[in-house]
Amino acid sequence: MKKILLLSFPLVLIFMLVACGEAEIKEAGADDGEKTSDDSADKKEKPKTQELAIGDAVEFDGMKITLNEARIEPGGDFDEPENDQFVVVNLTAENNTDEEQTMSSMMNIELKDVDGYSYTTTILTEGVKAQFDGTIEPGGTLRGEIPFDVPESDSYELHFSDPFKSGKAIWKIPAEKLSK
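The following paragraphs examine the structure supplied in this document. What you see is a predicted model, and the numbers here were worked out from it, not measured in a lab.

## Section: the nonpolar core
Grouped together as the largest cluster of nonpolar side chains are 29 residues, with contacts concentrated most on Ile65 and Leu158. For this core, the elements supplying multiple residues, two or more each, are β4 (57-60), β5 (63-73), β6 (85-95), β8 (109-113), β11 (141-150), β12 (155-161) and β14 (168-174). It is β5 that contributes the most residues to this core, 5 residues altogether. Those residues in contact with Ile65 that lie beyond four places of it in its chain are Asp56, Ala57, Val58, Phe60, Leu91, Thr92, Ala93, Met103, Phe160 and Trp171.

The following block contains the structure:
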């Protein structure tokens, strides 16, 4: 039995690596234009990264992701930040594919401060409308908010990626653009 398990592990690992690929990322509404052979060579040399601002949308493997808002939330009676403040981002995901898609605030999203420290989602019981987690049917939409417990910073970067593919979208969020 142990031999079967030991032999099946490499096969599962190979299958997972073969399934990984590069995400197709482009700014929503951008012209596709004609692709040249140089474009495909650039794709293989480095992963694509889009830098965006609040209100911008990006096409990410058939999903249109929009950062609608970024704001500071004070928390509630039971919510006190361990760092300086709660930053909440409001996102919309539109599924433009023919298959059901899954969004996970834990696996797809992170927030970085100006020093490059990375923060994952936290629990905030007050001030968040709905979580950005769930499945989206073809042609469907998911809108939700993700809270982060972060120190004060001059700016933040919201990173959206697929953990099984290369490439990511990055929204720049200057501290003065955070609504209160």
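## Re the pattern of salt bridges
All chains considered together, the criterion is met by 6 salt bridges. The salt bridge partner of Asp61 is Lys165, with a shortest N-O separation of 2.8 Å. With a gap of 104 residues between them, Asp61 in the loop between β4 and β5 and Lys165 in strand β13 (residues 165-166) connect regions that are remote in the sequence. Between Arg71 and Glu145 there is a salt bridge; the shortest N-O distance is 2.9 Å. One end of the pair, Arg71, is in strand β5; the other, Glu145, is in strand β11, with 74 residues separating them in the sequence. Among the residues examined, Arg71 registers a relative accessible area of 9% and is labelled buried. A residue is classified by how much of its surface remains accessible, and Glu145, at 1% relative accessible area, is buried. Several salt bridges share partner residues, and in doing so they unite Glu69, Arg71, Glu73 and Glu145 into one network.

## Some remarks on the environment of Gln101
Tracing the chain through its elements places Gln101 in strand β7 (residues 101-103). Distance from Gln101 to Gly134, taken between C-alpha atoms, is 8.4 Å for residues 33 residues apart in sequence. Beyond its immediate chain neighbours, meaning those up to four positions away, Gln101 contacts Met63, Asn95, Gly134, Thr135 and Ile136.

Rules behind the numbers
- Residues numbered from 1 in each chain as written.
- Predicted model: local features only at pLDDT ≥ 70, side-chain atom pairs only at ≥ 80, totals over all residues.
- Heavy atoms only, no water.
- Core = buried A, V, L, I, M, F, W, Y, C linked by side-chain atoms within 4.5 Å.
- Buried < 20%, exposed > 50% of the residue type's maximum accessible area, 1.4 Å probe, protein only.
- Helix = DSSP H or I, 4+ residues; strand = E, 2+ residues; numbered from the N terminus.
- Contact = heavy atoms within 4.5 Å.
- Salt bridge = Lys/Arg side-chain N within 4 Å of Asp/Glu carboxyl O.

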